[in-house]
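What follows is each chain in one-letter form.
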Amino acid sequence: MRTRSLGPLRASLSSVLALTLVLPFGTGCRAQAAAPRPSATASRPDAGRAGAAKPTLVLFLTIDQFGSDYFERYGGNFSGGLRRLRDEGALWMRGRHDHAIAETAPGHASTMSGRFPVHTGIASNSQGVNTNEAPLLGSTDVGASPFRFLGTTLFDWMRAVDPATRALSVSRKDRGAILPIGRAKTDVYWYASNGVFTTSTYYREALPAWVSAFNARQLPLLFAGKSWTPLLPDDRYAEPDSNPLEASGRDYVFPHRMALGRDTVFRDIRDTPWMDSLTLAFALEGLRHLELGASAARTDLLAVSLSATDAVGHKYGPDSKEIHDQLLRLDRYLGAFLDSVFALRGASNVLIALTADHGVAPYPELRSPYYRNHDAQRVDARNAWRTAFAAMRAAGVDTAAVENDDGFRVRDAEAFRRAGVDPDAIAGIWVRELRRLNGVLRADLLRDLARADTVHDAIARRWLHMLPVDGPVRAVVTPEPFAYWQGVTYATHGLPHDHDTQVPVLFWGPGIPAGRRAGDARVVDMAPTLAARLGITPLERLDGRVLPLAP
Ligand SMILES: [Zn+2]
């Protein structure tokens with residue numbers, strides 16, 4: 001039975017999600033009967049099956065702005081996919097991005113490449129995927145492609161062994177969809193501000209029929225005028241709902257009502273939990289149409305980056321009742337999604353990996369019950385720039401030759417050459433001024449970091465994993481843990497400290513024993529670990545190593 005009608009879905013938002021995810025795909029009745037129930041005490045998915053065969057589907061999940069602590073903090077309230085993966089998977093709570101700029105683009109580029117940003121070429125969001133050279137299909141948002149991405153990813157390695165291997169990558173964000181796959185021209189889609197899933201001309205000339213059909217359903221409009229209210233009774237939330245630091249002091253208390261206008265709904269749904277349900281519904285539609293994981297003869301790849309957590313986290317902060325509720329809703333959406341995938345493809349054929357692109361820090365003005373941020377302050381770097389600019393003018397170098405992007409970035413090296421000035425001499429002045437500021441842990445020339453003891457000096461190591469020593473960024477600044485830059489009005493992340501870099505590293509699948517793993521794991525270890533699991537060989541030298549999945 002195939003159920004395509006959306007009429008009854010308007011009854012309630014929870015049924016929207018359940019029905020959108022579970023019913024319209026495949027043979028509903030048989031699928032429902034076969035779906036394993038999410039349960040904390042469920043036995044291994046492959047229990048009873050002799051000799052787990054090679055998976056037909058690798059599902060790589062990235063939750064944007066999901067620090068490891070979120071797995072524990074709301075644990076009692078999880079009952080869906082997050083709970084299932086946490087309780088049944090091999091989980092390193094001390095997973096980490098061992099690089100400095102803990103942002104979406106470098107984080108996603110590391111997930112399936114097994115390499116640090118210094119080797120993927122993706123060091124920050126601002127130096128990420130956006131380009132006018134690759135316009136979008138059906139949207140006037142800025143174009144995007146992997147034009148900066150260097151090297152290969154897990155999908156390239158899978159395809160080298162079996163050219164029939166298929167991949168689909170889906171996200172709310174362009175960079176979240178593009179970078180896990182690297183340069184491969186395959187099915188890569190993200191959400192655009194006009195309410196459609198799009199791709200760019202880098203990948204194809206026109207949207208495939210199944211994407212256009214999905215877009216034509218205009219699912220975001222189901223949420224027009226709806227209110228986001230807490231999922232559970234009030235006594236299940238420890239967080240106060242009355243903090244005016246959240247959402248810049250506007251609309252910071254539940255319920256949060258969605259506007260009625262179409263264009264506003266298309267845009268604003270991106271900052272609600274419902275965005276994750278749309279992303280998962282689209283991913284499932286793609287899985288079905290592309291027949292991912294449907295053939296025992298090959299292994300396919302489905303990458304899903306869920307970024308409503310990042311949007312809600314930026315807007316309301318990691319201490320908010322809203323982020324708690326976002327994660328409870330994501331947990332339920334993910335549970336329904338996994339049930340559907342398992343119903344369609346069989347749980348014993350699916351290998352799952354889950355991580356995050358970065359964590360987050362609370363507002364410095366908030367004395368957080370969850371983070372040790374009680375000394376946090378804001379840092380104003382403008383004086384350091386003024387002093388550096390004055391030195392440039394005195395030396396006859398146009399100040400437009402540098403910019404504040406990832407650090408002290410030289411935009412026009414020729415301007416320095418013409419004036420006979422060493423850029424590092426000016427960068428050194430910038431470093432000296434920053435070191436005088438309260439809230440700054442350290443500031444360094446890249447060439448000095450290159451001589452650091454990278455075994456014991458984690459900050460130096462993370463910067464060297466981020467930026468080439470001979471690149472345009474000549475110096476970098478590291479604020480104290482939990483510090484914010486002056487003028488940032490939302491909750492944020494991006495520092496080389498644990499609160500921003502510590503993320504879960506999790507594997508779930510046939511033959512992988514459940515339980516917590518002590519010790520450290522790095523996100524760059526995930527791709528080589530999956531490759532080993534699939535019995536394939538990476539096509540280049542990696543930064544990551546194979547993690548032992550057995551405890
Ligand atoms: Zn973010």
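Residues numbered from 1 in each chain as written. Predicted model: local features only at pLDDT ≥ 70, side-chain atom pairs only at ≥ 80, totals over all residues. Heavy atoms only, no water.

We now examine the pairing of strand β4 (residues 187–191). When you tally the buried positions in β4, you get five out of five residues, the bulk of the element. Here β4 shows no split at all, with D187, Y189 and Y191 on one side and V188 and W190 on the other all buried. Inspection of the sheet shows strand β3 (residues 167–171) paired to β4 by four bridges, in the parallel sense. Its bridge partner being in β4, V170 is matched across the sheet by Y189. In this structure, β4 lies alongside strand β5 (residues 197–198), joined through two bridges in antiparallel fashion. Within β5, the position partnered with Y191 by the bridge is F197. Between β4 and β5, which pair antiparallel and follow one another directly, the connecting turn spans five residues, one of which, G195, has a positive phi of 90 degrees. (Buried < 20%, exposed > 50% of the residue type's maximum accessible area, 1.4 Å probe, protein only. Helix = DSSP H or I, 4+ residues; strand = E, 2+ residues; numbered from the N terminus. Pairing = 2+ DSSP bridges.)

On to helix α20 (residues 526–534), then. Counting buried positions over the nine residues of α20 gives seven, a clear majority of the element. Considered for burial, the residues of α20 that qualify are M526, A527, P528, T529, L530, A531 and L534. In this fold, the buried residues of α20 make contact with β1 (57–63), α5 (104–111), α7 (154–161), β9 (350–356), β16 (502–508) and β18 (521–522). Following α20 by one or two positions, G535 adopts a phi angle in the positive range, close to 70 degrees. (Contact = heavy atoms within 4.5 Å.)

Summary statistics for the protein give a mean pLDDT of 91 and a share of 91% for residues scoring 70 or more. Here residues 1–51 scores under 50 on pLDDT; set against residues more than four positions off or in separate chains, the count is 88 contacts. (pLDDT = per-residue confidence, 0-100.)

Glancing now at the packing of α7 against α20. Between α7 and α20, the shortest axis-to-axis distance is 10 Å and the interhelical angle comes to 20 degrees. Considering their axes alone, α7 and α20 lie roughly parallel with respect to each other. Note that α7 runs across α20; the crossing there is right-handed. Residues L154, W157 and M158 of α7 form the contact with α20, whose own contacting residues are A527, P528, L530, A531 and L534. (Axes fitted to C-alpha atoms, helices over the stretch in contact; angles between N-to-C directions. Parallel < 35°, antiparallel > 145°, perpendicular 65-115°, else oblique. Left-handed = near helix turned anticlockwise from the far one by under 90°.)

In the structure shown here, the tally under the stated rule is 23 aromatic pairs. Between Y74 and F78, the aromatic rings sit 6.5 Å apart at their centres with planes inclined by 75 degrees, giving edge-to-face as the arrangement. Summarising the burial analysis for this pair, Y74 and F78 share the class buried. Centre to centre, the rings of F214 and F282 are 5.1 Å apart; their planes meet at 80 degrees, and the pair counts as edge-to-face. Taken together, the positions of F214 in helix α9 (residues 209–216) and F282 in helix α11 (residues 274–289) put the pair 68 residues apart, joining distant regions of the chain. A connected cluster of aromatic rings, assembled from ring pairs, spans Y189, Y191, F197, W210, F214 and F282. The ring of Y370 carries the charged tip of R73 above its face, separated from the ring centre by 3.7 Å. We note K185 situated over the ring of Y202; from NZ or CZ to the ring centre the distance is 4.6 Å. (Phe/Tyr/Trp six-rings, centres within 6.5 Å; stacked < 30°, edge-to-face > 60°. Lys NZ or Arg CZ within 6 Å of the ring centre and 35° of its normal.)

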